[in-house]
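Summary of structural features
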Amino acid sequence: MVLLVGFDRVALGVHYVSDVVAGWIVALACLVGTAGAFEVWRREQGRSPANPSEQGVDPEAANELTDEPQPEGRPRR
């Protein structure tokens, strides 16, 4: 979708190719920077490095997630 929108902006003539490519680079840099900062924070908190594709974004909460409905007033374990 990101590529399609970028190419569309160029095809419509509202941006130059260099503008679109620069936007993609800035967005990728923000994503990499945020992910890197999150990993540094996890290590500083004494947590193991995360693998979100396998464990989700909060691996420590995996035991709390169930498909069973919880009775009202009773917290999840």
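None of these values were measured; they are calculated from a predicted model.

1. A look at the environment of Trp-24
Its location among the elements puts Trp-24 in helix 2 (residues 17-44). Distance in space between the C-alpha atoms of Trp-24 and Leu-3 is 8.8 Å, their sequence separation being 21 residues. In contact with Trp-24, not counting residues within four places along its chain, are Val-2, Leu-3, Gly-6 and Phe-7.

2. What to know about the packing of aromatic side chains
Counted according to the given criterion, the structure contains 2 aromatic pairs. A ring pair is formed by Phe-7 and Trp-24, whose centres lie 5.8 Å apart and whose planes are at 85 degrees; its orientation type is edge-to-face. Residue Phe-7 is located in helix 1 (residues 2-11), and its partner Trp-24 is located in helix 2; the two are separated by 17 residues in the primary sequence. Note on Trp-24: relative accessible area 27%, which makes it partly exposed. With a centroid separation of 5.8 Å and an interplanar angle of 25 degrees, the aromatic rings of Phe-38 and Trp-41 are classed as stacked. With Phe-38 and Trp-41 both in helix 2 and 3 residues apart, this pair spans about one turn of that helix. Of the residues examined, Phe-38 reaches a relative accessible area of 34% and is grouped as partly exposed.

Cut-offs used in this document
Residues numbered from 1 in each chain as written. Predicted model: local features only at pLDDT ≥ 70, side-chain atom pairs only at ≥ 80, totals over all residues. Heavy atoms only, no water. Helix = DSSP H or I, 4+ residues; strand = E, 2+ residues; numbered from the N terminus. Contact = heavy atoms within 4.5 Å. Phe/Tyr/Trp six-rings, centres within 6.5 Å; stacked < 30°, edge-to-face > 60°. Buried < 20%, exposed > 50% of the residue type's maximum accessible area, 1.4 Å probe, protein only.

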